[in-house]
Amino acid sequence: MRLLWKLVILLPLINSCAGDGLLSHPIFTQEPHDVIFPLDLSKSEVILKCAANGYPSPHYRWKQNGTDIDFTMSYHYRLDGGSLAISSPYTDQDIGMYQCLATNLLGTILSRKAKLQFAYIEDFETKTRSTVSVREGQGVVLLCGPPPHFGVPDISWRRLDGSPLPGKVKYSKSQAILEIPNFQQEDEGFYECIASNLRGRNLAKGQLIFYAPPEWEQKIQNTYLSIYDNLLWECKASGKPNPWYTWLKNGERLNPEERIQIENGTLIITMLNVSDSGVYQCAAENKYQIIYANAELRVLASAPDFSKSPIKKNSFVQVGGDIVIECKPNAFPRAAISWKRGTETLRQSKRIFLLEDGSLKIYNVTRSDAGSYTCIATNQFGTTKNTGSLIVKERTIITVPPSKMDVTVGESIVLPCQVSHDPSIEVVFVWFFNGDVIDLKKGMAHFERIGGESVGDLMIRNIQLNHSGKYLCTVQTTLESLSAVADIIVRGPPGPPEDVKVEEISSTTSQLSWRAGPDNNSPIQIFTIQTRTPFSVGWQAVATVPEILNGKTYNATVVGLSPWVEYEFRVVAGNSIGIGEPSKPSELLRTKASVPAVAPVNINGGGGSRSELVITWESIPEELQNGEGFGYIVMFRPVGSTTWTKEKVASVESSRFVYRNESIIPLSPFEVKVGVYNNEGEGSLSTVTIVYSGEDEPQLAPRGTSVQSFSASEMEVSWNAIAWNRNTGRVLGYEVLYWTDDSKESVIGKIKVSGNVTTKNITGLKANTIYFASVRAYNTAGTGPSSPPVNVTTKKSPPSQPPANIAWKLTNSKLCLNWEHVKTMENESEVLGYKILYRQNRQSKTHILETNNTSAELLVPFEEDYLIEIRTVSDGGDGSSSEEIRIPKMSSLSSRGIQVLETSTHFLSIVIVIFYCFAIQPLIR
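Residues numbered from 1 in each chain as written. Predicted model: local features only at pLDDT ≥ 70, side-chain atom pairs only at ≥ 80, totals over all residues. Heavy atoms only, no water.

(A) The overall build of the protein, seen in detail. The secondary structure content of the protein amounts to five helices and 79 strands. Residues classed as buried in the protein amount to 39% of the 925 residues present. (Helix = DSSP H or I, 4+ residues; strand = E, 2+ residues; numbered from the N terminus. Buried < 20%, exposed > 50% of the residue type's maximum accessible area, 1.4 Å probe, protein only.)

This is how it looks when you write it as structure tokens:
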């Protein structure tokens, strides 16, 4: 009860400061780092830095190897602010891991851990040396005495997987040291050093493994919640290996209990109370480092308060309008709201509504609605009132709206917009053109506002064609917005030409004729011809004869067209005002054929089977084929030969040709060029490209094949990658074969993996069965030899019997479960534990609780049914589930005469309920 009393005393202080931000939990500004301390400085001292911000100012503690440091018992330890000073450190006593803890009124946080180590160097070996005599003034050399040796060896480096060394590597002068700056995951692997001289050579190899300490992807944030709310925090970190998570409250490890659920980086606390307030830390850790994310949880409980969000002193509305008066006091938990007008309590009617958030809404306001309105807020901690006034104004009316106008380009016009309004209300005029606001500052060349306070006329100077459209005048006040619209029509450029026809067409030209369209009261001065093909992007202007088409020209010849392409043509007209709309397109016609003029590009190839030469190219688009009967001419010869082999490929869409001949040597180079032809003749050839013939299948079997079982139906096969060279054949991937002794076929499974993958997980297997597996490499030519078979026995089947004799007891929302231990058959996996699966109904999310015992406790809501089932857990997987149990809601139990304890917010009652539930456990077992 002492802890509860302290929380009650501090609650007003915490709540009063919550909105002002005066109180703040500790946040580290400086954390300790690893230190390597020289022994010859033993008379000095080590300083491990630690500092934190917070209000009230935090005080500090330190841990060494997980144990609190007692500064009264350790004379050479002292605190310097938050930092730890160690005077004259000893290697045996002071070496280890240190951690700083910062604490204030709101809680405790832990710093990162720092390691203190001591550097040292030992004496030379004592060794008797013969006396060296020398005359005075004579020079002398004292040798260090290196061991006998012969030959400064030649050193080289390579990667065992055959891939090149990273381009960023650096070598020492002797090449004995290989440095890889900015080491990344792709630099992982086995590296080999080769040393050789006249006496021979030697090899040494080592493996580089990439790791990464944890880094935050998602942190927890400070959270302020009301009493009885639920908390959900999630934190997430990346790293290699993947980090695991620990939760702390005020520096102490947080463990799951009846209201607290912890699953990896997720923390859930239900039915919050003030004792849950504090500083929480999510710790993400892997074998290389631990990092912390800090946040404060503040659980608030207070009477309603309008000091931060008072009711608006004066609310304005016009006659016939609608008004919402907001009432949003700070209250924890949320307050119940009621309203009064003067001394009269307001109730809902056809015009008056009390909104869900506590606000008051009045529809179709009248003069009689004016007056003072009081919001009354109540919760279990008290009642508070706040009052504001409603002021009702007269409506605004547009007296002179803008009217429709028909004008010519270049004229200046005025669009009227005048209003009558309440004298106490300021009006603002805003004009819109085709839905967009007219910026009078940017549009000064054409638009200008004229008139006084109640006049918002718009002048358009030098009006243009693009000014045709809808003009909207809006009158805006603090209470309403009115508008009136008018259409403006501006006359100008000519209309579209008509009856466009193609009179004659050749391979590169076309003759066109057309008729003029309406000139829109301005004579046509010029025509322009545009064209479009299935291969062009939109319409494009074309060259014509004559080059310039004046307003009296109604036919012309289009030049510069492509052979055997479908064309459409259209004509546009222009006058002194501008260019008009285009005509409708002409009939779609194709130009005549001719010999193709463009050779294929991107000649390439390779791959295929042994004795094959595969040649590829980028196919010619249809618009450049120039006629029917289009195809490709493929010419090739071995490098060094003078004779070309010529083949025709008749397919229009083809971009590949395969030549087969048993005399072709694998991976031998050929000179290749590709040309084009159609019914009109042969076109040009591409430049010569070198292409290699097909390859042999892999010649080596993978080594190091192994297999292990994960469950009754799953195993993993792994092997070593094959390094590629020309003699052993390329490796594009691997094929995993697996079988059993009693299978009718020699192989019952075959799975392919591509690239450098060297492990494969296989599922769907039989339980307690010996499986054999072998691996072979493959490439474009086929598969290579298989590795020697390896075998493994899958795990025994999961337990077939479900948990039985399940008993349950529901007390004040706590569900206590008990069942019999499941005994397994000889051919079944041993029971390792149990899973409890519970949900509200078959459509809702299923929650899982795991335990090693034959009993469990769950916290369930008061007024909801729950479905529960229990299943076993084993090496072979999850076993059978028990029959589904429905736990009825507490109200239904009470209505059937079943006695349950009533829920109470009183602290002592909660303690009694929890004690009772624990007390019945021995009886259930």
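(B) Broad picture of the packing of aromatic side chains. In the structure shown here, the tally under the stated rule is 15 aromatic pairs. Centroid distance tryptophan 739 to phenylalanine 772: 6.1 Å. Interplanar angle 10 degrees. Geometry classified as stacked. Of the two residues, tryptophan 739 is situated in strand 66 (residues 733–740) and phenylalanine 772 in strand 69 (residues 770–779); the sequence distance between them amounts to 33 residues. An aromatic cluster is present here, built from Trp514, Phe527 and Tyr554 joined pairwise through their rings. Lying across the ring of tryptophan 564, arginine 590 places its NZ or CZ 4.6 Å from the centre. Here the guanidinium or amino end of lysine 752 rests over the ring plane of tyrosine 778, the centre of that ring lying 4.4 Å away. (Phe/Tyr/Trp six-rings, centres within 6.5 Å; stacked < 30°, edge-to-face > 60°. Lys NZ or Arg CZ within 6 Å of the ring centre and 35° of its normal.)

(C) Up close: the sheet that holds strand 44 (residues 457–460). Reading across the sheet, the three strands line up as 39-44-43 and stay open at both edges, with antiparallel pairing between neighbours. Pairing within the sheet leaves two strands with one partner each, and these edge strands are strand 39 (413–415) and strand 43 (447–450). Neighbour-to-neighbour, the strand axes of the sheet open up by a mean angle of 25 degrees, direction not taken into account. Sheet topology note: the strand 43/strand 44 ladder contains four bridges and is antiparallel. Across the sheet, glutamate 448 pairs through a bridge with methionine 459, a residue of strand 44. (Pairing = 2+ DSSP bridges. Axes fitted to C-alpha atoms, helices over the stretch in contact; angles between N-to-C directions.)

(D) Spotlight on the nonpolar core. Ranked by internal contacts, the top residues of the largest apolar core, which has 25 residues, are Trp216, Ile220, Trp233, Trp247, Leu267 and Leu297. Secondary structure elements with two or more residues in this core: strand 19 (231–234), strand 21 (244–249), strand 24 (266–269), strand 25 (278–285) and strand 26 (290–300). For this core, the element with the most residues is strand 26, which contributes five residues. Setting aside chain neighbours within four positions, we find tryptophan 216 in contact with Cys235, Lys236, Ala237, Cys282, Ala284, Ile291, Tyr292 and Ala293. (Core = buried A, V, L, I, M, F, W, Y, C linked by side-chain atoms within 4.5 Å. Contact = heavy atoms within 4.5 Å.)

(E) Just unusual backbone geometry, in detail. Cis geometry marks the peptide bond from phenylalanine 332 to proline 333, where omega comes out at 0 degrees. Note the cis peptide between valine 545 and proline 546, where omega equals 0 degrees. With respect to the helices and strands, the residue proline 546 is situated in the loop between strand 51 (544–545) and strand 52 (549–550). Unlike most non-glycine residues, asparagine 434 shows phi in positive territory, near 50 degrees. Looking at the element boundaries, asparagine 434 is found in the loop between strand 41 (428–433) and strand 42 (436–437). On the basis of relative accessibility, which here comes to 44%, the residue asparagine 434 falls in the partly exposed class. One non-glycine residue, aspartate 499, adopts positive backbone phi at about 55 degrees. Checked against the element boundaries, aspartate 499 lands in strand 47 (residues 498–505).

(F) Structural context of the pairing of strand 70 (residues 782–786). Pairing of strand 69 with strand 70, which is carried by three bridges, proceeds in the antiparallel orientation. Its bridge partner being in strand 70, asparagine 779 is matched across the sheet by glycine 782. Hairpin connection between strand 69 and strand 70: a loop of two residues separates the two successive antiparallel strands.

(G) Fine view of the pattern of salt bridges. A full pass over the atoms with the stated rule returns 32 salt bridges. Salt-bridge contacts for glutamate 671 lead to arginine 637; the nearest nitrogen and oxygen are separated by 2.7 Å. Of this pair, glutamate 671 sits in strand 61 (residues 669–678) while arginine 637 sits in strand 58 (residues 631–638), placing them 34 residues apart in sequence. The same class applies to glutamate 671 and to arginine 637, which are both buried. (Salt bridge = Lys/Arg side-chain N within 4 Å of Asp/Glu carboxyl O.)

(H) Just the side chain of aspartate 457, in detail. On the secondary structure map, aspartate 457 appears in strand 44. At 7.1 Å, arginine 449 is the nearest oppositely charged side chain to aspartate 457, a buried residue that forms no salt bridge. Polar side-chain contacts of aspartate 457 include one of 2.8 Å to the backbone nitrogen of cysteine 417. Aspartate 457 has contacts with Val414, Leu415, Pro416, Cys417, Gln418, Trp431, Glu448, Arg449 and Ile450, leaving out every residue within four places of it along the chain. (Lys, Arg positive; Asp, Glu negative; His and termini not counted. Polar contact = N/O pair within 3.5 Å; in protein donor to acceptor, adjacent residues only side chain to side chain.)

(I) Focus on the pairing of strand 47. The sheet contact formed by strand 47 and strand 48 (residues 510–515) spans five bridges and is antiparallel. Among the inter-strand pairings, isoleucine 505 is bridged to a residue of strand 48, identified as serine 510. What sits between strand 47 and strand 48 in their antiparallel hairpin is a turn of four residues.

(J) Local environment of the sheet that holds strand 36 (residues 382–393). In spatial order, the strands read 28-36-35-31-32; together these five strands make up an open sheet with mixed pairing. Looking along the sheet, the strands with just one partner apiece sit at the ends: strand 28 (314–318) and strand 32 (344–345). Pairing between strand 31 (residues 336–341) and strand 32: two bridges, direction antiparallel. Across the sheet, residue lysine 340 finds its bridge partner in strand 32, namely threonine 345.

(K) Broad picture of the environment of asparagine 264. Mapped onto the fold, asparagine 264 is located in the loop between strand 23 (260–263) and strand 24. Since its relative accessible area comes to 55%, asparagine 264 is described here as exposed. Sequence separation of asparagine 264 and tryptophan 244 is 20 residues, and the distance between their C-alpha atoms is 6.7 Å. Once you skip the residues sitting within four places of it in the chain, asparagine 264 turns out to touch Tyr245 and Trp247.

(L) Fine view of the environment of proline 402. Summarising the element assignment, proline 402 is placed in the loop between strand 37 (397–400) and strand 38 (405–408). Given the relative accessible area of 7%, proline 402 is considered buried. Separated by 82 residues in sequence, proline 402 and alanine 484 have C-alpha atoms that sit 6.9 Å apart. Those residues in contact with proline 402 that lie beyond four places of it in its chain are Leu415, Pro416, Trp431, Ala484, Val485 and Ala486.

(M) Representation of the side chain of asparagine 626 within the structure. Structurally, asparagine 626 is set in the loop between strand 57 (612–618) and strand 58. A distance of 3.2 Å separates the side chain of asparagine 626 from the backbone oxygen of valine 595, its partner in a polar contact. Non-local contacts of asparagine 626, meaning those with residues more than four positions away in its chain, are made with Pro563, Trp564, Ala593, Ser594, Val595, Pro596, Ala597 and Asn678.

(N) Spotlight on the confidence of the model for the protein. For the protein, the mean per-residue pLDDT works out to 85, and 88% of the residues sit at or above 70. A low-confidence stretch, residues 895–925 (pLDDT under 50), is modelled with 41 contacts involving residues beyond four sequence positions or located in other chains. (pLDDT = per-residue confidence, 0-100.)

(O) Quick peek at a nonpolar patch on the surface. On the surface, Val324, Phe353, Leu355 and Tyr363 cluster together into a nonpolar patch covering about 290 Å² of accessible area. Looking at the element boundaries, leucine 355 is found in the loop between strand 33 (352–354) and strand 34 (360–362). Leucine 355 sits in the partly exposed class, given a relative accessible area of 34%. (Patch = residues over 30% accessible without salt bridge, like charges linked within 9 Å, V, L, I, M, F, W, Y side chains within 5 Å. Areas by Shrake-Rupley, 256 points an atom, 1.4 Å probe, with all protein chains shown as cover.)

(P) Structural context of the environment of aspartate 457. Judged by its relative accessible area of 11%, aspartate 457 falls in the buried class. With 28 residues separating them along the chain, aspartate 457 and phenylalanine 429 place their C-alpha atoms 8.9 Å apart.

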